Amino acid sequence: YQKIELSKNRKDEMTQMGIAFNEMMEQLEENYNKQEQFVSDASHELKTPLTVIESYAKLLSRHGFKNKAIAEESVNAIINETARMKEMITQMLVLAKGNGQQTQKTETIDLYELVESTLQSMRTAYNRNFILKGEGPIYVNTDMEQLTQLLFIILDNARKYSEKEIKTTISEDEENTVVAILDYGNGIPKKDINYIFDRFYRVDEARNRKTGGTGLGLSIAKEIANRLSIKLEIDSTVGFGTTIYIFIPKSPILINF
Ligand code: ADP
């Protein structure tokens, strides 16, 4: 009787091990596929600016020495596309590093002061009206450096995809401190909203080309948000503008990868 009981247990253990093994393999396969997809997307995305650079370099060598306007246009395009490629590579490195062992610090910071100083850097760099409503201090526990990076990504998008002032407010609900960043820009069509956090996804690439983005900013923002247990929400209306909400939990669970 005892023997049967033992082997039954062993059978359960074997089943459990089998299930755990399958789950592990599925996870490995998923990670591998994601990695493969990333390499293939990255190569494709890097090829686009390179093709533009190549064609302008050819144009420059064929006509640029006789025609000053063509020379100027070509050189500018080459400079812009090189800058875009450089930015893309920098962001890819950030994403690659995120896959490694990135650790989070928790520190108590004055969010109001952090947002204000980030806005001040944006004002200086872009000569735009970045408004902060309300008053500080408002304390949160989070990783300051990573939150700053997240704020820069969202603010930079608000600036790139709009022309008027950008308004930031900080409020609180029971569980979160909420930063809302509002712009009066193009807005994001409903059909695109679910994809804009995907790597390399850009709404209307042709129209966006002049903004010189990479399509990687929001995927980095999402990764930072996951690490810091921050929730991001978008409220956008085409032709009116976009608000991005950043929910910073009052009792954060920081995930170390
Ligand atoms: P990009 O480098 O293209 O800005 P992101 O990943 O940061 O890449 O954003 C993805 C896309 O989401 C952008 O190309 C743009 O089409 C759209 N987007 C992001 N933020 C805004 C915004 N505030 N207003 C309008 N569109 C936006």
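Preceding this section is the structure that the text describes.
Quantities reported herein were computed from a predicted structural model and do not represent experimental measurements.

A.B. asks: Outline the pairing of strand 7 (residues 241-249), supporting the account with residue identities and numerical values.
C.D. replies: Burial analysis of strand 7 places 8 of its 9 residues in the buried class, the great majority of the element. Examined bridge by bridge, strand 5 (residues 176-183) and strand 7 share 8 bridges and lie antiparallel to one another. Bridging from a neighbouring strand, Ala 180 pairs with Tyr 245 of strand 7. As paired strands, strand 6 (residues 231-237) and strand 7 are joined by 7 bridges and run antiparallel to one another. Across the sheet, residue Ile 234 finds its bridge partner in strand 7, namely Ile 244.

A.B. asks: Go over the pairing of strand 4 (residues 166-172), please, and point to the residues and values.
C.D. replies: When strand 2 (residues 130-132) meets strand 4, the two strands line up parallel, connected through 3 bridges. Bridging from a neighbouring strand, Phe 130 pairs with Ile 166 of strand 4. By the bridge criterion, 7 bridges tie strand 4 to strand 5 in an arrangement that is antiparallel. Across the sheet, Thr 168 pairs through a bridge with Ile 181, a residue of strand 5. Taking the residues that link successive antiparallel strands as the turn, the strand 4-strand 5 hairpin has 3 residues.

A.B. asks: Which residues make up the environment of Met 144, and what values do they have?
C.D. replies: With respect to the element layout, Met 144 can be found in helix 4 (residues 144-160). Overall, Met 144 belongs to the partly exposed group, its relative accessible area being 36%. Once the C-alpha coordinates of Met 144 and Gln 104 are considered, the two residues, 40 residues apart in sequence, prove to be 9.4 Å apart. If near-sequence neighbours (up to four positions away) are discounted, Met 144 is found in contact with Glu 107, Ile 109 and Leu 114.

A.B. asks: Mind laying out unusual backbone geometry, listing which residues take part and the relevant values?
C.D. replies: Across the junction of Gly 136 and Pro 137, the peptide omega takes the value 0 degrees, indicating a cis bond. Within the element layout of this structure, Pro 137 appears in the loop between strand 2 and strand 3 (139-142). Here Phe 200, not a glycine, exhibits a phi torsion of approximately 75 degrees, which is positive. A relative accessible area of 8% means that Phe 200 is categorised as buried. Of note, Ser 229 is a non-glycine position whose phi angle comes to about 55 degrees, a positive value.

A.B. asks: So what's going on with helix 3 (residues 111-126)? Which residues, and what values?
C.D. replies: In this model helix 3 runs 22 Å from its N-terminal to its C-terminal C-alpha over 16 residues, within 8% of the 22 Å that 1.5 Å per residue would give. Turning to helix 3, its buried residues number three or more, namely Leu 111, Tyr 112, Leu 114, Val 115, Thr 118, Leu 119 and Met 122. Down the axis of helix 3, the sector holding all buried residues measures 165 degrees, keeping them to one side. What points out from helix 3, more than 90 degrees from its buried face, is the exposed set Glu 113 and Thr 124. Here helix 3 starts with a cap whose side-chain oxygen sits 3.0 Å from the backbone nitrogen of Tyr 112, and that cap is Asp 110. Where helix 3 ends, the next residue or the one after it, Asn 127, has phi of about 50 degrees, a positive value.

A.B. asks: Before we move on, can you summarise the environment of Thr 118 with the specific residues and values?
C.D. replies: As for its position among the elements, Thr 118 is in helix 3. In sequence terms Thr 118 and Thr 211 are 93 residues apart; their C-alpha atoms lie 21 Å from each other.

A.B. asks: Can you break down the pattern of salt bridges residue by residue, with the values?
C.D. replies: When the charged atoms of two side chains with opposite charge come close together, those side chains can pair. Under the defined criterion, the tally for this structure stands at 10 salt bridges. With a closest N to O distance of 2.9 Å, Glu 116 and Arg 123 form a salt bridge. Its salt-bridge partner being Lys 191, residue Asp 192 comes within 3.1 Å of it at the nearest N-O pair. Since its relative accessible area comes to 4%, Asp 192 is described here as buried. Overall, Lys 191 belongs to the exposed group, its relative accessible area being 63%. Overlapping salt bridges bring together Arg 199, Glu 223 and Arg 227 as one network.

A.B. asks: So what about the packing of aromatic side chains? Which residues, and what values?
C.D. replies: By convention here, two paired aromatic rings are described through the distance between centres and the angle between planes. Applying the stated criterion to the full structure yields 4 aromatic pairs. Here the aromatic rings of Phe 38 and Phe 200 are separated by 6.1 Å at their centres, their planes lie at 20 degrees, and the arrangement is stacked. Taken together, the residues span a long stretch of sequence, with Phe 38 in helix 1 (residues 2-64) and Phe 200 in the loop between helix 5 (190-193) and helix 6 (205-208) at a distance of 162 residues. Judged by relative accessible area, which is 13%, Phe 38 ranks as buried. Seen in terms of ring centroids, Tyr 245 and Phe 247 are 6.4 Å apart; in terms of plane orientation they differ by 35 degrees. Their pairing is tilted.

Here is what the cut-offs are and how they apply
- Residues numbered from 1 in each chain as written.
- Predicted model: local features only at pLDDT ≥ 70, side-chain atom pairs only at ≥ 80, totals over all residues.
- Heavy atoms only, no water.
- Buried < 20%, exposed > 50% of the residue type's maximum accessible area, 1.4 Å probe, protein only.
- Helix = DSSP H or I, 4+ residues; strand = E, 2+ residues; numbered from the N terminus.
- Pairing = 2+ DSSP bridges.
- Contact = heavy atoms within 4.5 Å.
- Expected span 1.5 Å × (residues − 1).
- Arc of directions from axis to C-beta.
- Polar contact = N/O pair within 3.5 Å; in protein donor to acceptor, adjacent residues only side chain to side chain.
- Salt bridge = Lys/Arg side-chain N within 4 Å of Asp/Glu carboxyl O.
- Phe/Tyr/Trp six-rings, centres within 6.5 Å; stacked < 30°, edge-to-face > 60°.

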